[in-house]
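The residues making up each chain are set out below.
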Amino acid sequence: MKIFDERGATLYELLAVLVISSIILPIIYGVFTSGYKLYNKIGIEGQLRDDADYTATMIMNTFYSFPFDYVRECGEKNCIELVNSSSTSLTKQEKEQQTFYTINQNTANEDEQVIRIEITDSENDSSRKSISIDSAEITSAADFSESALEISCSESTNKNEEECTQGMIDLMLKLDHERLEEKLELNSKFGF
């Protein structure tokens, strides 16, 4: 009596599986790797956009929280200073047993208060640039090497044209990351 085992694969079936696999597997691998690269790129770009938003917000918060009289360039590229050179003072006056106070606005300060916003070398990595406000670096994973910070002045003080009282801040951020092929460019403007 002969027993036939029909559960095995023939050589033709094995060759057909190999040919079909050699066609389908590279396509699946290509889709998987390109999807993984795209996922990483989107994640890094999202992180850089968050860093740029945070940086612009910190600069705007500085403008809103510091009582400056004018803004000037530092003399260096990508550096501006907010200057508080005057204050409001009260002068006490007494007449006929009554006390009066005179308000003197824009009294010159003996000590000028200055906050500096600039693009400088990073404290943690000298190959990167970062943005610092009053010498405090804004922590970021991005490299701000080709970024720019400029003033477009529309009105200045009577004493000096470099002392800008009204204008626009142009913040052009060109963010780089070691895992990105192209730099991410973001522009922001706000007035004061």
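Peer 1: Got a sec to walk through the pairing of strand 4 (residues 129-133)? Specific residues and values, please.
Peer 2: The element strand 4 is largely enclosed, with a buried count of four among its five residues. Sheet topology note: the strand 3 (residues 98-121)/strand 4 ladder contains five bridges and is antiparallel. Counterpart to I119 in the pairing with strand 4 is I131. Where strand 4 and strand 5 (residues 136-137) come together, two bridges link them in antiparallel fashion. Paired with S132 across the strands is E137, a residue of strand 5. Between the antiparallel neighbours strand 4 and strand 5 lie two residues, among them D134 with a positive phi of about 55°.

Peer 1: Any chance you could break down a negative patch on the surface for me, citing the residues and the numbers?
Peer 2: A cluster of like negative charges, contributed by E73, E150, E161 and E162, occupies part of the molecular surface. Tracing the backbone through its elements, the reader meets E161 in the loop between strand 6 (148-156) and strand 7 (164-175).

What counts as what
- Residue numbering note: each chain is counted from 1, following its sequence as written.
- Reporting in this predicted model follows two pLDDT cut-offs: at least 70 for local features of residues, and 80 or more for side-chain atom pairs to be given and counted; totals over whole chains, interfaces and linings ignore these cut-offs and use all residues.
- As a rule here, side-chain values come from all non-hydrogen atoms in the structure, and water together with hydrogens is ignored.
- The buried label applies to any residue whose accessible area, calculated with a 1.4 Å probe on protein chains only, is under 20% of its type's maximum; exposed applies above 50%, and partly exposed to all values in between.
- Helical segments are the DSSP runs of H or I of at least four residues, strand segments are the runs of E of at least two, and each set is numbered from the N terminus.
- Any two strands with at least two DSSP-identified bridges between them are counted as paired.
- Residues qualify for a patch when their relative accessible area is over 30% and they have no salt bridge, like charges being joined within 9 Å and the nonpolar side chains of Val, Leu, Ile, Met, Phe, Trp and Tyr within 5 Å.
- Under the convention used here, a 1.4 Å probe and the Shrake-Rupley method define accessible areas, while residue burial counts only the protein chains that appear.
- When a carboxyl oxygen of Asp or Glu is within 4 Å of a side-chain nitrogen of Lys or Arg, the pair counts as a salt bridge.
- When charges are tallied, Lys and Arg are placed among the positive residues and Asp and Glu among the negative ones, while His and the ends of the chain are skipped.
- Charged groups are reduced to one reference atom each: NZ for lysine, CZ for arginine, CG for aspartic acid, CD for glutamic acid.

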